[in-house]
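Coordinate inspection notes
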Amino acid sequence: MGMKFVVLVVIVLAVIAIAQIMRVYELSSKIRGNKEEDIDLRVNNINASLMLIFLIILFGSFFWMLAIYGNGTLPEPASVLGEKIHWLFNINWIIVIAIFLLCNGLLFIFAWKYSYHPDRKAHWFPHDNKLEMIWTVVPAAVLAVIIILGLMTWNEVTGKPSDDAIVVELYAKQFDWTARYSGDDNKLGYADYKLVGTAEDKNTGTTYNNPFGLITDNSVHWRILGLNNEITEIEKNLRMESNDSVAYSQAKLNKMNAKVEKLERIRERVLDMFGMFNDSIDAFAKDDFVTKELFMVKDQEYFFVLRSQDVLHSAYFPHFRAQMNCVPGQRTSLKITPKYTTAEFREKIGNPEFNYILMCNKICGVSHSNMKMAVIVGTQDEFEAWKVGPLSTPAINDSIIAPIDDIDKERMPWPEPAHHGDHDDSDHEADDHAIEGDDHTEGH
Amino acid sequence: MSAAAHTDHGHHHKESFITKYIFSQDHKMIGKQFLVTAIFMAVVAVILSVLFRIQLAWPGESNSVLSFFLGDTWAPEGILDRGMYLGLVTIHGTIMVFFVLTGGLSGTFSNLLIPLQCGARDMASGLLNMISYWMFFLSSILMLYSLFLETGPANAGWTIYPPLSVYEEAIPGSGSGMTVWLLSMTIFVASSLLGSLNYIVTIINLRTKGMKMTRLPLTIWAFFVTAVLGVLSFPVLVSAVVLMLMDRTLGTSFYVNDTIIAGEVLEQSGGSPILFEHLFWFLGHPEVYIVLLPALGLTSEIVATNARKPIFGYRAMIGSILAIGFLSFIVWGHHMFISGMNPFLGGVFVFTTLLIAIPSAIKVFNYITTLWKGNIKYTPAMLFSIGLVSSFITGGVTGIILADSALDIVVHDTYFVVAHFHVVMGLSAIFGMFAGVYHWFPKMYGKMMNAKLGMVHFWLTLVSAYGVFFPMHFVGIGGAPRRYYDYSVYEGFDSNQYEMIMDLNVVISIFAIIGALAQLIFLFNFFYSTFKGQKAPQNPWKGNSLEWTTPVEHIHGNWPGEIPEVHRWPYDYSKPGAAEDYIPQTVPLGPDEEEH
Ligand code: HEM
Ligand SMILES: [Cu+2]
Ligand SMILES: [Cu+2]
């Protein structure tokens, strides 16, 4: 507090001092008969010269920074599409720099050159149709080139991946990434956010975990079991309250009741999922494996399917010049074909400690800036070894079988589930799967 | 002042302190109220930016400035809290864009200049105008209040993308901080709508005799198109905000879909965060022109007056303003190239966005040609106008890169974007606002500001502005994401990158601090001159437009007698054959004089 007070006093004193100096200045200019609105030729010329000096400093520092940083400071792109984007960037960068130099140059040079003189009169030049035509048509032509080149690259970047692209899911949540490889079938198992959770079989004590909400008959059973457990738990507490063994506030009671109802509604929606899939679809998930590190094989095309569990994130691979948002409740995608292994790239840029990185580039919460994943590019052999290594685990563990017969699958009597035998209502789910399914034919 | 002179306007004349200075319905007073409020808000926003710039340059180091302003709650041991970092960024952006450069800029100058330059006794509705100011005031207070909430202010970014902005469990600022933010912005929009409607009606209906639309100063054209943009786009923001409030409180799912927040599976299903992005940017993009056009209008006037030369291509300038206004409604998707929107749609937005470059280029070339063979007087207003043209160029060219969807992939949400929008919108509009204040200060306060201080202020501001935002482009293409508390992610991955970002961040922050301190010169000059400045003459800059025909002392109804009639456009500077180098709009055309 004392500190703050001293600071304030100093500020107040400083203001008073400046005000006094101003007073003196004003009085003296009054005596000399100077008026603020009059143009003092000397001062006017100083300003005009400063225009030129500023221009020189501006351009000078610009070229100096260009010399140090070029068109940015990232190392050269490490992916096939990245190179195309980089090429386009360079072309645009040159055009942009040319316009920047031309326009700022003219502006400050005119500002310097045509400084006021009382003997001169400005040139009367209110308009000139020909000139105006030129600077409409020329920018339009330049822009046409930019647009055409840009859209060509854009179509390539967002176009279909090739048939032998490997499908990998990037699953984002506050504040980490998980990669799910689609396994030997190159097909990602279907997933639904409602299935995310853990469940414990009370009889045997086994627990089952489904952090990505993958769908198999088994995982749906486990989820019902988990929900049943949760509901029973709360209902038990509610019964204890009505027996007077514990006392809850009314608010707490309401909350607990609401929670039960909500869980029951979710349970109904999960129950709807039985029968919508079959064994061959279940199989998609069974060979999926997940890792906390992304491994890519050099020269292999990857098709990433992006998902988010909670809020918007963005998968940003600066070194591959690739980025795409992850949107909850929706699948987005991006393609990367790495060109250099990590080892090659380290050598290229002369930094033996270098590693590729995946970061989050859409504000996603307090630890947004910590959300990252290590990315490795290697050879096929290295990949095979890595894939069976300690870092990768099965995406779903279906060797833990749900106690199917013990699970209460009775539907709620009310409200009447709207979609008994009526498949229209399950459109939403069906859509998800079509997209996520196997094929990456869907454009994103 | 004579009562008879403006009975037509029906003003009451007995004024108490309250009706004159507080609940005033006089457009000149309301303009000044907007200005002073905006200056206060700008000071807050600049302080916030200095605070988070300190963190960016010296991450995790204890700093007494941080503890001074933020105390133990938000800067324990002088180290900025992560959540508060995002809160500072969010509120800084919100205040700058909406409160300083929308409310402040349009509120001040549309109010001051529309009646004066059109030749009207006041705004069409003084009452609505007053309500507009007080709503602005209320929303400002609310926005500042949110900084003092226990859970902190809104901190999901000024773009408040859901679901982050919907769930308190996702980020603390999305609790009461976001509620206050939404409330404040809703009131702000209401204020802005009342203002805009008033501006439009006044410009259409209350122009004096002879003031054809093609004789209006470009300021008025800019204010007019700005007001139309505001009326068409702000209501969309309100709709977006209302839907968000429902998602937050009623459990609807307009913007949220299949989410698990803090381990809890939520029922909300079927909405789309991308819907919000569309609605937000449908306002958000016109908003940047709402910020920019008035600044361009002000400088058009100032450049012509001080170059003693007609603005080059008056009609092309009007055409460009109209074209920019129209196009600004069909480019919003350039903020969403990588949002998951259909790439074909992205391609369409590339096309429309790059089209906007054409009218912008025309404006730049017209400004430059106006200077060519001019006779330039360097008042502080003229200096800032040249600064504006420069920042409009520098910021405009980087827009070409961002508009190109394939390139946006690389720089989206990096500091390159931050640099781009600060230069093209932030600097241009702030420079325009400074230019306007220096130029019309005599009209507002009847006093002159100190020109020498103004010059020092300009040069320090220009140099530090470029010092801040020039290197920021390189930080951005160097792969530094925005809204990052620090860049430690790169440690252990790409140490070169990390070092380069850190080096430049120090440079940027030092310039930011110099720039912020330089604004003290302006503040001092402004308040000192308000009270002690030299008395202003009626037409200090030898200008042509109507406001310089009103008396220095403010009176209700603006002109003591009849409203003058207008005979020519406002840009007859250095016209051949005339004795003086300016001919006010009220001077009738000579016998065989052509109208420009
Ligand atoms: C004192 C001068 C200023 C400095 C040093 C400054 C600096 C910054 C920085 C470093 C950011 C953080 C970017 C990020 O992390 O995303 C930021 C955000 C922002 N600034 Fe400024 N700024 C200044 C003036 C302005 C002005 C004049 C405007 C008016 C347009 C403005 C508008 C914004 C906006 C809209 C944001 C984005 C906030 C968000 O991400 O939610 N700033 N500023
Ligand atoms: Cu994230
Ligand atoms: Cu935009």
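Keep in mind it's a predicted model, so treat the numbers as computed, not measured.

Regarding its fold elements, chain A presents ten helices and 13 strands. Compactness check: chain A gives a C-alpha radius of gyration of 33 Å against a globular reference of 22 Å for 444 residues, more than 25% above the reference. In terms of overall dimensions, chain A has a C-alpha envelope of 105 × 60 × 50 Å along the principal axes. Burial analysis of chain A (444 residues in total) assigns 48% to the buried set. Pairs at least 24 apart in sequence give 74% of the contacts found in chain A among residues at least 6 apart.

What follows is about the overall build of chain B. Helix and strand counts for chain B come out as 15 helices and two strands. Relative to its length of 596 residues, chain B is compact, with a C-alpha radius of gyration of 24 Å against a globular reference of 25 Å. Principal-axis analysis of the C-alpha atoms places the extent of chain B at approximately 80 × 50 × 50 Å. Taking the intrachain contacts of chain B between residues at least 6 apart in sequence as the baseline, contacts between residues at least 24 apart amount to 77%. Distance from the positive charge centre (28 side chains) to the negative charge centre (37 side chains) of chain B: 18 Å.

Bringing the interface of chain B and chain A into the picture now. Taken residue by residue, the interface counts 142 residues in chain B and 127 residues in chain A. Interface area, chain B with chain A, both sides summed: about 11,900 Å², of which 68% is carbon and sulfur. Three residues, Glu267, Phe474 and Phe493 of chain B, lead the burial of chain B against chain A; their summed loss comes to 7% of the area buried on that side. Counting the contacts that link chain B with chain A gives three salt bridges. For Lys262 of chain A, the salt bridge is made with Glu264 of chain B, and the minimal N-O distance between the two is 2.7 Å. For the pair chain B and chain A, the number of links is 37 residue pairs in polar contact (both at pLDDT 80 or more). Top contributing element to the side of chain B that touches chain A by residue count: helix H10 (residues 343-371) of chain B, with 16 residues.

Take the domain arrangement of chain A next. How big an interface is tends to be reported as the loss of accessible area on association of its parts. All names here are of chain A. With domains assigned, chain A is organised as domain 1 (190-283 + 407-433) and domain 2 (286-394). Here the C-alpha centre of domain 2 lies 33 Å away from the C-alpha centre of domain 1. Each partner contributes to the interface: domain 1 provides nine residues, whereas domain 2 provides seven residues. When domain 1 packs against domain 2, the two sides together hide about 620 Å² of surface, and 44% of this comes from carbon and sulfur. Remark: the boundary between domain 1 and domain 2 carries zero salt bridges. In this assembly, domain 1 and domain 2 are joined by three residue pairs in polar contact (both at pLDDT 80 or more).

For the rest of this paragraph, the subject is the sheet that holds strand E7 (residues 302-308) of chain A. Pairing is mixed in the open sheet, where six strands are placed in the order E10-E7-E1-E2-E5-E13 (chain A). In this open sheet, the two edge strands, each paired with only one partner strand, are strand E10 (332-336) and strand E13 (393-394) of chain A.

Before going further, it helps to spend a moment on the pattern of salt bridges. Opposite charge on two side chains makes pairing possible when the charged atoms of those side chains draw close. Residues and elements named next belong to chain A. Applying the stated rule across the entire model yields 27 salt bridges over all chains. The closest approach of N and O atoms between Lys339 and Glu83, which form a salt bridge, is 3.2 Å. Highlighted residues: Lys339 in the loop between E10 and helix H8 (342-349) and Glu83 in helix H3 (residues 80-113), separated in sequence by 256 residues. The class of Lys339 is partly exposed, set by a relative accessible area of 25%. Residue Lys236 pairs with Glu233 through a salt bridge whose shortest N-O separation is 3.9 Å. Of this pair, Lys236 and Glu233 both sit in helix H5 (residues 217-242), three residues apart, which is roughly one turn of that helix. A relative accessible area of 39% means that Glu233 is categorised as partly exposed. Through salt bridges that share partners, Glu169, Arg180, Asp288 and Arg307 make up one connected network.

In this section: the domain arrangement of chain B. All names here are of chain B. Each assigned domain of chain B is listed with its residue range as follows: domain 1 (26-271), domain 2 (285-517) and domain 3 (535-596). Spacing between the C-alpha centres of domain 2 and domain 3 amounts to 32 Å. With 19 residues of domain 2 at the interface, the matching set in domain 3 holds 21 residues. Across the domain 2/domain 3 interface, buried area totals approximately 1,900 Å², and carbon plus sulfur atoms make up 58% of it. Its largest share of buried area at the contact with domain 3, domain 2 owes to Arg308, Lys443 and Met448, together 36% of the area lost on that side. Linking domain 2 to domain 3 there are one salt bridge. For the pair domain 2 and domain 3, the interface holds 14 residue pairs in polar contact (both at pLDDT 80 or more).

Let us now look at the coordination of the iron atom of ligand 1. All names here are of chain B. Looking at the iron atom of ligand 1, the protein donor atoms are His92 (NE2) and His422 (NE2), and they sit 2.0 to 2.1 Å from it. Around the iron atom of ligand 1, the six donor atoms sit at angles spanning 85 to 178°, and that spread fits a shape best called octahedral. Residue His92 is found in helix H4 (residues 82-118), and its partner His422 is found in helix H13 (residues 415-445); the two are separated by 330 residues along the sequence. In this structure, His92 and His422 share a single accessibility class: buried.

We now examine the coordination of the copper ion (ligand 3). Protein coordination at the copper ion (ligand 3): the donors are His285 of chain B (ND1), His334 of chain B (NE2) and His335 of chain B (NE2), at 1.7 to 2.0 Å from the metal. Sequence spacing among the residues donating to the copper ion (ligand 3) works out to H-x48-H-H.

Residues and elements named next belong to chain B. Close to ligand 1 lie 22 residues; His92, Trp158, His422, Arg482 and Arg483 are nearest. At 2.6 Å from an oxygen atom of ligand 1 is found a main-chain nitrogen or oxygen belonging to Trp158. Residue His422 places a side-chain N or O atom 2.7 Å away from a nitrogen atom belonging to ligand 1. Looking at the shell around ligand 1, the elements with two or more residues in it are helix H2 (27-57), H4 and H13. Among the elements that make up the shell around ligand 1, the one with the highest residue count is H13 (seven residues). Class assignment of the residues belonging to the shell around ligand 1 gives a composition of 13 nonpolar, six polar and three charged. There are two domains that each give the shell around ligand 1 at least three residues, and those are domain 1 (26-271) and domain 2 (285-517).

A separate point is helix H9 (residues 314-327) of chain B. Residues and elements named next belong to chain B. Taking 1.5 Å per residue as the helical rise, H9 with its 14 residues ought to reach 20 Å, and the 20 Å between its terminal C-alpha atoms agrees with that figure. Turning to H9, its buried residues number three or more, namely Tyr314, Met317, Ile318, Ser320, Ile321, Ile324, Gly325 and Leu327. Close packing links the buried residues of H9 with helix H7 (218-249), helix H8 (273-307) and H10.

Residues and elements named next belong to chain A. Within E10, five of the five residues are buried, leaving the element largely enclosed by the surrounding structure. Neither face of E10 is left uncovered, since the one carrying Thr332, Leu334 and Ile336 and the one carrying Ser333 and Lys335 both have all their residues buried. Here five bridges tie E7 to E10, and the two strands are oriented antiparallel to one another. Bridging across to E10, Phe304 finds its partner in Leu334.

Residue and element names in this part refer to chain A. Most of strand E1 (residues 166-173) is tucked away, with six of its eight residues classed as buried. Both E1 and E7 contribute to a ladder of seven bridges, which runs parallel. When the bridges of E7 are listed, Ala172 appears paired with Ser308. Note: E1 against strand E2 (residues 176-181), six bridges, orientation antiparallel. Looking across to E2, one finds that Tyr171 is bridged to Thr178. What sits between E1 and E2 in their antiparallel hairpin is a turn of two residues.

Residues and elements named next belong to chain B. In the predicted model, chain B carries a mean pLDDT of 93, and 97% of its residues have values of at least 70. No element of chain B has a lower mean pLDDT than helix H1 (residues 17-22), at 75, and none a higher one than H13, at 97. Segment residues 1-12: pLDDT under 50, and 19 contacts once partners within four positions in sequence are set aside and those in other chains are kept. Scoring the predicted complex yields pTM 0.92 and, for the interface, ipTM 0.94.

What counts, and where the lines are drawn
Residues numbered from 1 in each chain as written. Chains lettered and ligands numbered in written order. Predicted model: local features only at pLDDT ≥ 70, side-chain atom pairs only at ≥ 80, totals over all residues. Heavy atoms only, no water. Helix = DSSP H or I, 4+ residues; strand = E, 2+ residues; numbered from the N terminus. Rg over C-alpha atoms; globule rule 2.2 N^0.38 Å. Buried < 20%, exposed > 50% of the residue type's maximum accessible area, 1.4 Å probe, protein only. Contact = heavy atoms within 4.5 Å. Lys, Arg positive; Asp, Glu negative; His and termini not counted. Charge placed at Lys NZ, Arg CZ, Asp CG, Glu CD. Buried area = accessible area lost by both parts, 1.4 Å probe. Salt bridge = Lys/Arg side-chain N within 4 Å of Asp/Glu carboxyl O. Polar contact = N/O pair within 3.5 Å; in protein donor to acceptor, adjacent residues only side chain to side chain. Domains from an automatic or database assignment. Pairing = 2+ DSSP bridges. Donors = N, O, S within 2.8 Å, 3.2 Å for Na, K, Ca; no water. Tetrahedral: all angles 85-135°; square planar, octahedral: opposite > 155°, others 65-115°. Near = heavy atom within 4 Å. Nonpolar A, V, L, I, M, F, W, Y, C, P; charged D, E, K, R; others polar. Expected span 1.5 Å × (residues − 1). pLDDT = per-residue confidence, 0-100.

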